[in-house]
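Each chain is listed here by its residues.
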Amino acid sequence: MSYRTKGSRGDASNLENQHRSSGSSRWSHCRKRGVDGTLRANSDEDGDNRGKGHARSDSRHSSFTTPESTGPVSRCARRSDWGSQVEDEEMRRDVHRDMQRYRRRILAADGAQRERKTSSGSSGSCDSRESDGMETDEAMLLRRQKQINYGKNTLAYDRYIKEVPKHMRQPGIHPKTPNKFRKYSRRSWDQQIKLWKVKLHAWDPPAGARQEGAQETSLNDDIEELDLGDVMDIEFDFPALTESQNTSLCTHSSSVQDQDCGGTPVKVQKTELPEEADMA
Amino acid sequence: MENSSDDYRIQSFDPDSQILLKTALKDPSSVNLEVVSNIIVDQSLKDAAFCKESGRICYTIVQAEANQNGGNVFRKHLLNRLQQEFNPREETRTRSLQEWVCFVTFICNIFDYLKVNNMPMVALVHPVYDCLMRLAQPDALMNEEEVDCLVLQLHRIGEQLEKANSQRMDELFFLLRDGFLLQDGLASMARLLLLEILEFRAGGWVLSNTAHKYYYSEIAD
């Protein structure tokens, strides 16, 4: 049992905490934004100041939880702080606006397609997905949007969109954001997100560009932030997953996926992994 | 848009804070936005003039941050700090009427300026109403500063508030009407202010010409 607690801080773990305050995993530098939304410095100059501005005496990120600490507000329940409420409201409005835009696009595309079709009447593969009808469940759309946001909130994504403009994208090679309006099963959607994020890792910044002292999302912050549907995201703090690693993590995560929101077992398990990686 | 920092009335801040604010307006990601939000809130609670316009500087920083990196760190800290000040408002009122009035002015100003997709922030609607309802209580109506604050806010954001929740606006105006008609010991200025706001709302948040003349022109006697 290796819970990290505030009290039990020896020299060894102090070292790790300094390490941790700059990012709990080797790949935290890929995160564009810390869990509190602060943008990571790309240059190091003010990184320390920003880090210290948020420092508690134990230099741990404030959303890191242990059983002894009060921990963050559960994301399963509605967030009661105004900052979060307004963020949620904004996301809801964005999703509705996206829905309207998407509907208009579909209608326009439908019209064009009907004109082009001959009397053969067979549906292209694209057709059948659209004609199943659009996903309109707000809760589902919000969850999917959150998952997409996690993927887009990365340096990899930033670098990707700068490097490859949309019209230059080649299917299969270039990752494409999953379409949240299409009807998919939960597993299918989560799998698409997973594969998309794996593909995005090809644009991760080189490991030499790690920064000290900047605000970071730690692996454990991710856990607090995620709905259970986003649990799958956790595995992507590890670089270049080999196939076997990928499948073993998959099996693990998918069993967790069906649990209710209540994360202690998940947190414990996931807390252990980066420690082991760091100590290796 | 080149706005001189004077537009934001930051002269009342100490020199270091002024520099911090000016930087925040131009390059938000380079400063600690939590600190920035705290100094703005602190000043707004002290400075009766600043709190009437502080919404604007907040708006500009929010926009600057959104444009620079799509973030909303400043807004989040600002709102959460506002919430922290809102919860103990009754104690604040007891301790310092001036601070209470500044707080109400400030939160209404934020409601006015900080919009989400051009719509007022839903999260603030009830808190703002709670504040205004408090100002409409009999004990508050006895204080000219509180009545003054109440009518000023209703002039500025009454229409938006009513659109967001008309039922609570009705409730608020029941209190105002009762206060005007029934409350003993109300100062004549307070009475006048209440009458004006009653007419203002009755006219659809606009004062008719005759009403404007009645309330606002100098009568040569």
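Notes on the structure follow. No experiment lies behind these values; they were computed from the predicted model shown. Per chain, the residues get numbers from 1 upward, laid out in the order the sequence is written. Here the convention is simple: chains get letters from A, ligands get numbers from 1, in the order in which they are written. Per-residue local features are limited, in this predicted model, to residues with pLDDT of at least 70; the limit for side-chain atom pairs, both in listing and counting, is 80 or more; totals at the level of whole chains, interfaces and linings are taken over all residues. The side-chain figures draw on all heavy atoms in the structure; neither hydrogens nor water molecules are used.

The subject of this paragraph is the overall build of chain B. A count of helical and extended segments in chain B gives 12 helices and two strands. Strands here mean DSSP runs of E at least two residues long; helices mean DSSP runs of H or I at least four residues long; both are numbered from the N terminus. Secondary structure of chain B in N-to-C order comes out as α-α-α-α-α-α-β-β-α-α-α-α-α-α. Within the span of chain B, comprising 221 residues, buried residues form 52% of the whole. Considering only residue pairs separated by 6 or more positions, chain B has 66% of its internal contacts joining residues 24 or more positions apart. For every accessible area listed, the method is Shrake-Rupley and the probe measures 1.4 Å; residues are considered covered only by the protein chains on display. As displayed, chain B has an accessible area near 10600 Å², and 50% of this comes from carbon and sulfur atoms. For every residue, the accessible area (1.4 Å probe, protein chains only) is compared with the maximum for its type, and the residue is labelled buried under 20%, exposed over 50%, or partly exposed between those bounds. Whether two residues touch is decided by their heavy atoms; if any such pair falls within 4.5 Å, the residues are in contact.

Let us look at the nonpolar core. Nonpolar cores were defined as sets of buried Ala, Val, Leu, Ile, Met, Phe, Trp, Tyr and Cys residues, with membership established by side-chain atoms within 4.5 Å. Counting residues in each nonpolar core, the largest one holds 74 residues, and the members touching the most others are Ile40, Ile57, Leu132, Leu154 and Leu176 of chain B. By residue number, the principal contributor to this core is helix H6 (residues 97-113) of chain B, which donates 10 residues. Of all hydrophobic cores here, the second largest spans 10 residues; its members include Ala156, Tyr160, Ile193 and Trp196 of chain A.

With that out of the way, let us pick up helix H2 (residues 33-46) of chain B. Residue and element names in this part refer to chain B. Relative to the 20 Å expected for 14 residues at 1.5 Å per residue, H2 spans 20 Å between its end C-alpha atoms, a close match to the ideal helical length. Each element contacted by the buried residues of H2 is listed here: helix H1 (15-26), helix H3 (54-69), helix H4 (73-86) and H6. Nitrogen and oxygen atoms within 3.5 Å of one another constitute a polar contact, given that in protein one can donate a hydrogen and the other can accept it, and given that sequence-neighbouring residues count only through two side-chain atoms. Regarding H2, its N-cap is Asn32, as a side-chain oxygen of that residue lies 3.0 Å from the backbone nitrogen of Glu34 further along. The span one expects for a helix is its residue count, reduced by one, times 1.5 Å.

Attention now goes to H3 of chain B. Residues and elements named next belong to chain B. Taking 1.5 Å per residue, 16 residues should reach 22 Å; H3 reaches 23 Å between its end C-alpha atoms and fits that length. Along H3, the positions that sit buried rather than exposed are Ser54, Gly55, Ile57, Cys58, Ile61, Val62, Ala64, Glu65 and Asn69. Elements in contact with the buried residues of H3: H1, H2, H4 and H6. Two residues or fewer past H3, Gly70 is found with a positive phi of approximately 70°.

Before going further, it helps to spend a moment on the interface of chain A and chain B. Reports often express the size of an interface as the amount of accessible area lost when the parts come together. On the side of chain B, 28 residues touch chain A, which itself brings 21 residues to the contact. Interface area for chain A against chain B, summed over the two sides, is near 2000 Å², with a carbon-plus-sulfur share of 53%. Summed over both partners, the accessible area (1.4 Å probe) lost when two parts come together is defined as the buried area. The largest per-residue losses of area from chain A upon contact with chain B belong to Trp82, Val86 and Arg93 of chain A, which jointly make up 36% of the total buried on that side. The salt bridge criterion pairs a side-chain nitrogen of Lys or Arg with a carboxyl oxygen of Asp or Glu, the two atoms within 4 Å. Where chain A touches chain B, the interface holds one salt bridge. Put simply, Arg75 of chain B and Glu90 of chain A hold a salt bridge, and the shortest N to O gap is 2.8 Å. If you look at where chain A meets chain B, you find seven residue pairs in polar contact (both at pLDDT 80 or more). Taken together, the elements giving at least two residues each to the side of chain A that touches chain B come down to helix H2 (47-53) and helix H3 (82-116) of chain A. Residue contributions to the side of chain A that touches chain B peak at 10 residues, all from H3 of chain A. We call Asp, Glu, Lys and Arg charged. Ala, Val, Leu, Ile, Met, Phe, Trp, Tyr, Cys and Pro are nonpolar, and the rest, Gly among them, are polar. Across the side of chain A that touches chain B, the residue classes tally to three nonpolar, seven polar and 11 charged.

As a further point, take the pattern of salt bridges. Considering all chains together, one arrives at 19 salt bridges over all chains under this definition. With its nearest N and O atoms 3.2 Å apart, the salt bridge here joins Lys180 of chain A to Asp98 of chain A. Residue Lys180 of chain A is found in the loop between helix H6 (155-163) and helix H7 (186-200), and its partner Asp98 of chain A is found in helix H3; the two are separated by 82 residues along the sequence. Side by side, Lys180 of chain A and Asp98 of chain A carry an identical accessibility label, which is buried. Among the salt bridges present, the one from Arg81 of chain B reaches Asp42 of chain B, with a minimum N-O distance of 2.8 Å.

A separate point is the environment of His155 of chain B. All names here are of chain B. Mapped onto the elements of the fold, His155 is located in helix H9 (residues 144-164). With 51 residues separating them in the primary sequence, His155 and Val206 have C-alpha atoms 8.8 Å apart. Each residue touching His155, except ones within four places of it in the same chain, is listed here: Glu196, Ile197, Phe200 and Tyr216. A polar contact of 3.0 Å, which involves the side chain of His155, links it to the side chain of Glu196.

Before going further, it helps to spend a moment on the side chain of Asn165 of chain B. Assignment of secondary structure puts Asn165 of chain B in the loop between H9 and helix H10 (166-182). Side-chain polar atoms of Asn165 of chain B contact the backbone nitrogen of Gln167 of chain B, separated by 3.2 Å.

All names here are of chain A. Residues enter patches when their relative accessible area tops 30% and they take part in no salt bridge; the joining distance is 9 Å for like charges and 5 Å for the nonpolar side chains Val, Leu, Ile, Met, Phe, Trp and Tyr. Positive charges come from Lys and Arg, negative ones from Asp and Glu, while His and the chain ends are left out of the count. Throughout, a charge is located at the NZ atom of Lys, the CZ atom of Arg, the CG atom of Asp or the CD atom of Glu. A surface patch of like charges, here positive, comprises Arg105, Lys152, Lys166 and Lys176. Looking at where Lys176 falls in the secondary structure, it is placed in the loop between H6 and H7. For Lys176, a relative accessible area of 65% gives the class exposed.

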